[in-house]
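Each chain is listed here by its residues.
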Amino acid sequence: MDVKTFGVVGSGQMGNGIAQVAATSGLNVIMSDISLDFAKKGLANIEKILSKNVEKGKISAEDKDAILGRVAITEDLKDMAKADFVVEAATEREDLKFKIFQDLDEICGPDAILSTNTSSIPIGRIAAQTKRPEKVIGMHFMNPVPVMKLVEVIRGIATSDETFKLTWDLSEKFGKTPAEAADYPGFIANRILLPMINEAVYCLYHGVGTREDIDTVMKLGMNHPMGPLALADLIGLDTCLAIMETLYEGFKDSKYRPCPLLRKYVEAGWLGRKTKKGFYDY
Ligand code: CAA
């Protein structure tokens, strides 16, 4: 199958980043959100990043206009009927993703591939919401999407080889390097990354170090581009907590218990950069 129209459900930090890389690769993109205002905000972010790239001389002003011209926005999920391949990048909540997949299964053509950018919910559970589990797959981008080179491609138990190959090839078309992960909680990326972040929060909770010292140790001692607490703020503390809950629930192993301090921040609405307050103030 030749993918011509690429659907993105959700226009938040992951969704608009995915829409940007898809449009940059030459595909027509439809990006949806629950309100047109949200979708407009997502589009404005794409425009902001592309404008910076024009200023830096990385792309021409014509390129920018052409890329933006390939992104349509909508608040009506039914517009996904035009898409050959959809990636869902909505909030990391199982009930929400289940409903989106039930709806997409009704709306999209029988050949359309339905992928999810979930960071940890089992692909098999999402696929079971549809009548096309062989066409459901995980396509997990990293944040910030335009910069990070990886796409984790996750097969559900019923995902077909054809769906897998198409997703793999599409990741490469987007200029990314795909890596295959099996369908276990957290896949590879978050199974390794989130326990590290959670442990950094425990270090803060136990007073082992200040937020700055914890981040400095990992930045300068391990050459990480940013410290784990700053990275948690970038990912979103609600997303970090949701992933830890999924790992804890999925493996029933106490090593994945979320740090109470992480939960406290989320309960207070301190979700990181997106609320301008997390472990740091923005
Ligand atoms: N969108 C687009 N471009 C961005 C960006 C964004 N949000 N943030 C930074 N950039 C670009 C900058 O414009 C800059 O581009 P140029 O090279 O063209 O100038 C480049 O990235 C580097 O940015 P900066 O110089 O401002 O800062 P930096 O060198 O510290 O890099 C960073 C910023 C890329 C975010 C880097 O700190 C980094 O790699 N951090 C780790 C990110 C990471 O681990 N991501 C994975 C999170 S986990 C995940 O996503 C999975 C999940 O399910 C939770």
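Only a predicted model underlies this, so the values are computations on that prediction, with no experimental measurement involved.

### Some points on the overall build of the chain
Then comes step 1: Counting its secondary structure elements, the chain contains 11 helices and 8 strands.
Then comes step 2: What you see for the chain is a C-alpha radius of gyration of 19 Å, in line with the 19 Å of a compact globule of 282 residues.
Then comes step 3: Along the first, second and third principal axes, the C-alpha atoms of the chain reach 55 × 45 × 30 Å.
Then comes step 4: Here the chain, with 282 residues, has 49% of them falling under the buried criterion.
Then comes step 5: Across the chain, the fraction of contacts at a sequence separation of at least 24, relative to all contacts at a separation of at least 6, is 66%.
Then comes step 6: A gap of 3 Å separates the mean positions of the 35 positive and 39 negative side-chain charges of the chain.

### Some words on the site of the ligand
Then comes step 1: For the ligand, the set of nearby residues contains 18 residues, the closest of which are Lys 56, Lys 58, His 140, Asn 143 and Asn 190.
Then comes step 2: Interatomic distance of 2.7 Å between a side-chain N/O atom of His 140 and an oxygen atom of the ligand.
Then comes step 3: Burial of the ligand by the surrounding chains reaches 61%, relative to a free accessible area of 1000 Å².
Then comes step 4: The residue inventory of the shell around the ligand, partitioned by class, reads 12 nonpolar, 4 polar and 2 charged.
Then comes step 5: Domain assignment of the residues forming the shell around the ligand places at least three in each of domain 1 (5-182) and domain 2 (193-274).

### Describing the packing of helix 7 (residues 189-205) against helix 8 (residues 211-222)
Then comes step 1: The geometry of helix 7 relative to helix 8 is characterised by a closest axis approach of 9 Å and an angle of 140 degrees between their N-to-C directions. As far as their axial angle goes, helix 8 and helix 7 are oblique. Here helix 7 and helix 8 pass one another in a crossing that is right-handed. Two secondary-structure elements touch here, helix 7 through Met 196, Ala 200, Cys 203 and Leu 204 and helix 8 through Arg 211, Ile 214 and Met 218.
Then comes step 2: The class makeup of the residues in the contact of helix 7 with helix 8 is 6 nonpolar, no polar and 1 charged.

### Description of the nonpolar core
One broad rule of soluble globular proteins: the nonpolar side chains tend to lie buried together.
Then comes step 1: Counting 31 residues, the largest nonpolar core has Phe 6, Phe 141 and Phe 174 as its most contacted members.
Then comes step 2: Considering every element that reaches this core, the biggest residue donor is helix 1 (residues 13-24), with 6 residues.
Then comes step 3: The residues contacting Phe 6, other than those within four sequence positions of it, are Ile 18, Ala 22, Leu 27, Asn 28, Val 29, Ile 30, Ala 83, Phe 85, Val 87, Leu 170 and Phe 174.
Then comes step 4: Ranked by size, the runner-up nonpolar core spans 27 residues in total, among them Leu 231, Leu 241, Leu 261 and Phe 279.

### Quick look at helix 8
Then comes step 1: When the terminal C-alpha atoms of helix 8 are compared, their 16 Å separation across 12 residues agrees well with the 16 Å that a helix rising 1.5 Å per residue should span.
Then comes step 2: Listed in full, the buried residues belonging to helix 8 are Ile 214, Asp 215 and Met 218. One side of helix 8 holds all its buried residues, which, seen down the axis, span an arc of 95 degrees. Those residues of helix 8 that are exposed and aimed more than 90 degrees away from the buried face are Leu 220 and Gly 221.
Then comes step 3: Along its buried surface, helix 8 packs onto helix 7 and helix 9 (228-235).
Then comes step 4: Asn 223 sits one or two residues past helix 8 and shows a positive phi near 60 degrees.

### What to know about the pairing of strand 1 (residues 5-9)
Then comes step 1: Most of strand 1 is tucked away, with 5 of its 5 residues classed as buried.
Then comes step 2: Of the two faces of strand 1, both are covered, the one formed by Thr 5, Gly 7 and Val 9 as well as the one formed by Phe 6 and Val 8.
Then comes step 3: Sheet analysis places strand 1 next to strand 2 (residues 28-32), joined by 5 bridges and oriented parallel. The residue bridging Phe 6 from the neighbouring strand is Val 29, located in strand 2.
Then comes step 4: As a crossover connection, the stretch from strand 1 through helix 1 into strand 2 is right-handed.
Then comes step 5: Pairing of strand 1 with strand 4 (residues 85-88) involves 4 bridges; the strand directions are parallel. Bridge pairing in strand 4 places Val 9 opposite Glu 88.

### Concerning the sheet that holds strand 2
Then comes step 1: If you walk across this open sheet you meet the 8 strands as 3-2-1-4-5-6-7-8, and the pairing is mixed. Edge positions in the open sheet fall to strand 3 (71-74) and strand 8 (177-181), since each of these has one partner strand only. Pairs of neighbouring strands in the sheet enclose a mean axial angle of 25 degrees, with direction left out of account.
Then comes step 2: Sheet analysis places strand 6 (residues 136-141) next to strand 7 (residues 150-155), joined by 5 bridges and oriented antiparallel. Of the residues in strand 7, the one forming a bridge with Met 139 is Val 153.
Then comes step 3: Its contacts with the sheet put helix 1 on strand 1, strand 2, strand 3, strand 4 and strand 6, and the angle it makes with strand 2 is roughly 170 degrees.

### Brief notes about the UniProt feature "domain: 3-hydroxyacyl-CoA dehydrogenase NAD binding" (unreviewed entry) in the chain
Then comes step 1: With numbering aligned to this structure, UniProt lists the feature "domain: 3-hydroxyacyl-CoA dehydrogenase NAD binding" (unreviewed entry) at residues 7-183.
Then comes step 2: Here residues 7-183 is 41% helix and 21% strand, with 23 Å between the C-alpha atoms at its ends.

Cut-offs applied
- Residues numbered from 1 in each chain as written.
- Predicted model: local features only at pLDDT ≥ 70, side-chain atom pairs only at ≥ 80, totals over all residues.
- Heavy atoms only, no water.
- Helix = DSSP H or I, 4+ residues; strand = E, 2+ residues; numbered from the N terminus.
- Rg over C-alpha atoms; globule rule 2.2 N^0.38 Å.
- Buried < 20%, exposed > 50% of the residue type's maximum accessible area, 1.4 Å probe, protein only.
- Contact = heavy atoms within 4.5 Å.
- Lys, Arg positive; Asp, Glu negative; His and termini not counted.
- Charge placed at Lys NZ, Arg CZ, Asp CG, Glu CD.
- Near = heavy atom within 4 Å.
- Polar contact = N/O pair within 3.5 Å; in protein donor to acceptor, adjacent residues only side chain to side chain.
- Areas by Shrake-Rupley, 256 points an atom, 1.4 Å probe, with all protein chains shown as cover.
- Nonpolar A, V, L, I, M, F, W, Y, C, P; charged D, E, K, R; others polar.
- Domains from an automatic or database assignment.
- Axes fitted to C-alpha atoms, helices over the stretch in contact; angles between N-to-C directions.
- Parallel < 35°, antiparallel > 145°, perpendicular 65-115°, else oblique.
- Left-handed = near helix turned anticlockwise from the far one by under 90°.
- Core = buried A, V, L, I, M, F, W, Y, C linked by side-chain atoms within 4.5 Å.
- Expected span 1.5 Å × (residues − 1).
- Arc of directions from axis to C-beta.
- Pairing = 2+ DSSP bridges.
- Right-handed = clockwise from strand over helix to strand, strands pointing away.
- UniProt positions renumbered as here; feature names shortened; annotations may be inferred.

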